[in-house]
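The primary structure of each chain is shown beneath.
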Amino acid sequence: MQVPKASDVLANDLRERILRGEFAEGTALPPERELVVQTGMSRTTVREALRILEVQGLVRVKTGRAGGAFVQHPGEESVAESVDLMIRGRKIRIPALLETREAIEPACARLAAHARTEEDLDRLEVANDDIVAAPDLEAFLQANIDWHVGVATASHNELLTGFMLALSRAIYVSTRNTQFVDAEVRATTVRAHRSVTAAIRAQDPNAAVRRMTRHVHTYAEAVLKVEERTDVDVQDG
């Protein structure tokens, strides 16, 4: 029988208390010395438990006189980091990433058409302008990520936004080559993005889904053609 480490037991207990709302976001957990007295565990064990929570994004540790372990709630970035670890750890290839993207992005576009704000629309327009003005491949790909994540953000669904952050980053790495991104691809991307953005602005969910579906499917087909020729690996870079 495997006995769990004391630090894991303490981290699990504190995690559940944080998630139940016993510690409000922004408040500090009991100081190390107090946790040592409460639990009867060593200071080393307590510190290790707090490090576990910090890695999981549940606390932010500050040093100094006003320091301590301050509670924070997981957000999109926590989802993105977990998905990214799975993508890299399982060495998930670009075809699977693109399949997932085709499943998720039309849903993001539909929700965005319902829920978008003026701030969301401004973010999409800025990303579109950045794509047009991008001086090099890196700038183009970053602006492309900004737009796709912007659509997910406009859906106001934190899970979808987290997934899209991870997927977009992985696809960014896989398409970081000039054999794929040429002037024609850039022009096609701009037209597709403008079209989807217009549907979201008009709050037309059916058009948003239809246009996004066509865009991500066409993009996936182009990426896979290059993948077949160059054996692009999402783990590189």
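Residue numbering note: each chain is counted from 1, following its sequence as written. Only residues with pLDDT of at least 70 are given local features in this predicted model, and only at 80 or more are side-chain atom pairs given and counted; all residues enter the totals for whole chains, interfaces and linings. Excluding hydrogens and water, the side-chain values take into account all heavy atoms of the structure.

A. Spotlight on the pattern of salt bridges. Every case where a carboxyl oxygen of Asp or Glu lies within 4 Å of a side-chain nitrogen of Lys or Arg is listed as a salt bridge. This model, assessed by the stated rule, comprises 14 salt bridges. With a closest N to O distance of 3.0 Å, Glu22 and Arg17 form a salt bridge. The closest approach of N and O atoms between Arg20 and Glu22, which form a salt bridge, is 2.6 Å. Between buried and exposed lies partly exposed: a residue is buried under 20% and exposed over 50% of the maximum accessible area for its type, with that area taken using a 1.4 Å probe on protein chains only. Classification of Arg20 by relative accessible area gives exposed; the value is 54%. On the basis of relative accessible area, Glu22 is assigned to the partly exposed category, the value being 45%. Among the charged side chains, a salt-bridge network with shared partners connects Asp13, Arg17, Arg20 and Glu22.

B. Layout of the nonpolar core. Here, nonpolar core means buried Ala, Val, Leu, Ile, Met, Phe, Trp, Tyr and Cys residues that are tied together by side-chain atoms lying within 4.5 Å of each other. In this structure, Leu97, Cys108, Trp147, Val151, Ile200 and Met212 are the most contacted members of the largest nonpolar core, which totals 47 residues. Put simply, the parts of the chain that give this core at least two residues each are helix 4 (76-89), helix 5 (94-115), helix 6 (118-133), helix 7 (137-155), helix 8 (158-174), helix 9 (183-201) and helix 10 (205-230). Numbering of helices and strands starts at the N terminus; helices are DSSP runs of H or I of at least 4 residues and strands are runs of E of at least 2. Considering every element that reaches this core, the biggest residue donor is helix 7, with 10 residues. What makes two residues a contact is simply this: any of their non-hydrogen atoms within 4.5 Å. Apart from the residues lying within four places of it in its own chain, the contact partners of Met212 are Glu105, Pro106, Ala109, Trp147, Val151 and Val196.

C. Main features of the pairing of strand 1 (residues 59-62). At least two bridges found by DSSP between two strands are what make those strands a pair. When strand 1 meets strand 2 (residues 68-71), the two strands line up antiparallel, connected through 4 bridges. Looking across to strand 2, one finds that Val61 is bridged to Ala69. Between strand 1 and strand 2, which pair antiparallel in sequence order, lie 5 residues; one of them, Gly64, sits at a positive phi of approximately 100°.

D. Spotlight on the UniProt feature "domain: HTH gntR-type" (unreviewed entry) in the protein chain. The feature "domain: HTH gntR-type" (unreviewed entry), as given by UniProt, occupies residues 4-74 in the numbering adopted here. The span residues 4-74 is 49% helix and 11% strand, and its two end C-alpha atoms sit 25 Å from each other. UniProt positions are given in the numbering used here, feature names are shortened, and annotations may be inferred rather than shown by experiment.

E. The layout of surface pockets, seen in detail. Put plainly, a pocket is an open set of points on a 1 Å grid over the protein atoms alone with protein on both sides within 12 Å along at least five of seven lines, a cavity is a set where a 1.4 Å probe fits but cannot get out, and a lining residue has an atom within 4 Å of a point. Grid points are joined across faces, edges and corners, and a volume is the space filled by probe spheres set on the points. Approximately 280 Å³ is the volume attributed to the second largest pocket. Lining the second largest pocket are 15 residues, and of these Pro31, Glu32, Leu50, Gly68 and Ala69 lie nearest its centre. Of all the secondary-structure elements, those providing two or more residues to the lining of the second largest pocket are helix 2 (32-39), helix 3 (43-55), strand 1 and strand 2. Counting residues per element, the lining of the second largest pocket draws most heavily on helix 3, at 4 residues.

F. Molecular detail of helix 6. The terminal C-alpha atoms of helix 6 lie 22 Å apart, and with 16 residues this matches the ideal 22 Å at 1.5 Å per residue to within 8%. If you check which residues of helix 6 are buried, you get Asp120, Leu121, Leu124, Ala127, Asn128 and Ile131. Angular distribution of buried residues about the axis of helix 6 spans 125°; they occupy a single face of the element. Across from the buried face of helix 6, at angles greater than 90 degrees, the exposed residues are Glu119 and Ala133. A helix is expected to span 1.5 Å for every residue after the first. Regarding the arc, it is the one traced by the directions from the helix axis to the C-beta atoms.

G. How the structure looks around the packing of helix 2 against helix 3. Running from N to C, helix 2 and helix 3 point in directions that differ by 115°, and their axes come no closer than 9 Å. As summarised for this structure, helix 2 and helix 3 are arranged roughly perpendicular, according to the angle between their axes. Crossing geometry of helix 2 relative to helix 3 is assigned as right-handed. Each of Glu32, Arg33, Leu35, Val36 and Thr39 in helix 2 lies in contact with helix 3, whose residues at this interface are Arg43, Val46, Arg47 and Leu50. The residue makeup of the contact of helix 2 with helix 3, split by class, is 4 nonpolar, 1 polar and 4 charged. Axis geometry follows a simple rule: fit a line to the C-alpha atoms, using only the stretch in contact for helices, then measure angles between N-to-C directions, giving values from 0 to 180 degrees. We call two directions roughly parallel when the angle between them is under 35 degrees, roughly antiparallel when it is over 145, roughly perpendicular when it lies between 65 and 115, and oblique otherwise. A crossing counts as left-handed when the near helix is turned anticlockwise from the far one by less than a right angle, and as right-handed when that turn is clockwise. Here the term charged refers only to Asp, Glu, Lys and Arg, the term nonpolar to Ala, Val, Leu, Ile, Met, Phe, Trp, Tyr, Cys and Pro, and the term polar to all other amino acids, Gly among them.

H. Spatial organisation of empty space enclosed by the protein. Summed over all chains, the structure comprises 1 cavity of 30 Å³ or more. Volume-wise, the largest cavity comes out at about 70 Å³. Around the largest cavity, the lining residues are Arg101, Leu141, Asn144, Ile145, His148, Ser168, Ile171, Tyr172, Thr175 and Tyr219. Among the elements of the structure, helix 7 and helix 8 are those that each provide at least two residues to the lining of the largest cavity. The class makeup of the residues in the lining of the largest cavity is 5 nonpolar, 4 polar and 1 charged.

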